[in-house]
Amino acid sequence: MNAFTGIALYKGLPDKQIYILFHYITCFFLSIRKLRVIKHSHAEICIDGICYSSSVRDGGVRSKEIDLNHDKWDLLELQMTEKEKQESLEIFKTMQNKSYDFIGALGVVLSFIKDSVDKFFCFEVVARMLNMQNPSKVTPLELKKVSEIWKQRTLKKEDHLM
């Protein structure tokens, strides 16, 4: 098992036509919001090799092992302390087995849509587990930025130890 800890952003094409359509629609709407081409349609937060997210095909919020093949995934490493991992997992437990939030996912692009308190979409699950602000409005671009912030934080800790 891969003990990767970080954010995994899906860039590959799904294996079924309906999911391919959903992939392109997601990327299109995210690109409109950010005025940049977005190639990622899904996100996972991985802690010690287990992936956590919300998925249409898995029926909502779940955890599972995933083959994070570099052809299909961009991996953004996070140096999390054991305490941070435990805090993230406690947050996950509050969402586990909840339904996928189709309407909330549209709220990333359409700001007037309110997020659901008992349904979640993938970017939102990752953002909540990382204690990000406005998790229901987070896109892959913000997840990339937060990984850079964590990287800088780690470098500062290492400099301090030297």
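The present account deals with the structure reproduced in this document. (Residues numbered from 1 in each chain as written. Predicted model: local features only at pLDDT ≥ 70, side-chain atom pairs only at ≥ 80, totals over all residues. Heavy atoms only, no water.)

### So, the overall build of the protein
What the protein contains, in helices and strands, is 5 helices and 7 strands. Overall, the protein shows an N-to-C arrangement of helices and strands of β-α-β-β-β-β-α-β-α-β-α-α. Put simply, of all contacts in the protein between residues at least 6 apart along the chain, 66% involve residues at least 24 apart. A total accessible area of about 9400 Å² is found for the protein, and carbon and sulfur atoms account for 55% of it. (Helix = DSSP H or I, 4+ residues; strand = E, 2+ residues; numbered from the N terminus. Contact = heavy atoms within 4.5 Å. Areas by Shrake-Rupley, 256 points an atom, 1.4 Å probe, with all protein chains shown as cover.)

### Let's talk about a nonpolar patch on the surface
Residues V56, F102, I103, L106, L110 and F112 make up a contiguous nonpolar surface patch of roughly 570 Å² in combined accessible area. One can find F102 in helix α3 (residues 102-106). With relative accessibility at 47%, the residue F102 sits in the partly exposed group. (Patch = residues over 30% accessible without salt bridge, like charges linked within 9 Å, V, L, I, M, F, W, Y side chains within 5 Å. Salt bridge = Lys/Arg side-chain N within 4 Å of Asp/Glu carboxyl O. Buried < 20%, exposed > 50% of the residue type's maximum accessible area, 1.4 Å probe, protein only.)

### Describing the packing of helix α2 (residues 82-95) against helix α4 (residues 122-129)
Closest axis-to-axis distance for the α2/α4 pair is 8 Å, and the angle between their directions is 140°. As judged from the angle between their axes, α2 and α4 are oblique. Listed contacts from α4 to S88, L89, I91, F92 and M95 of α2 are V125, R128 and M129. Along the lines of polarity and charge, the residues of the contact of α2 with α4 split into 6 nonpolar, 1 polar and 1 charged. (Axes fitted to C-alpha atoms, helices over the stretch in contact; angles between N-to-C directions. Parallel < 35°, antiparallel > 145°, perpendicular 65-115°, else oblique. Nonpolar A, V, L, I, M, F, W, Y, C, P; charged D, E, K, R; others polar.)

### Regarding the sheet that holds strand β3 (residues 50-55)
Pairing within the open sheet is antiparallel, and its 5 strands lie in the order β4-β3-β2-β1-β5. Looking along the sheet, the strands with just one partner apiece sit at the ends: β4 (60-64) and β5 (73-77). Within the sheet, the average angular offset between the axes of one strand and its neighbour, ignoring direction, is 20°. With 5 bridges joining them, β3 and β4 adopt antiparallel strand pairing. Looking across to β4, one finds that S54 is bridged to V61. Along the sheet, α2 contacts β2 (42-47), β3 and β4; its crossing angle with β4, the most-contacted strand, is approximately 140°. (Pairing = 2+ DSSP bridges.)

### Structural notes on the nonpolar core
With 30 residues, the main nonpolar core has I7, M129, L130 and L143 as its most contacted residues. At the level of elements, β1 (6-10), β2, α2, α4 and α5 (140-161) are the ones that each hand at least two residues to this core. Those residues in contact with I7, other than ones at most four positions away along the chain, are E44, D74, L75, L76, L78, V126, L130, L143, V146 and S147. Formed by 7 residues, the second largest nonpolar core is a distinct cluster that contains C46, C51, L68 and W73. (Core = buried A, V, L, I, M, F, W, Y, C linked by side-chain atoms within 4.5 Å.)

### As for the packing of aromatic side chains
Within the structure shown, the criterion is met by 3 aromatic pairs. With a centroid separation of 4.8 Å and an interplanar angle of 70°, the aromatic rings of Y52 and F92 are classed as edge-to-face. Residue Y52 is found in strand β3, and its partner F92 is found in helix α2; the two are separated by 40 residues along the sequence. For F92, a relative accessible area of 3% translates into the label buried. Ring centres of Y100 and F102 lie 5.0 Å apart, and the angle between their planes is 65°; on these two criteria the pair is classed as edge-to-face. (Phe/Tyr/Trp six-rings, centres within 6.5 Å; stacked < 30°, edge-to-face > 60°.)

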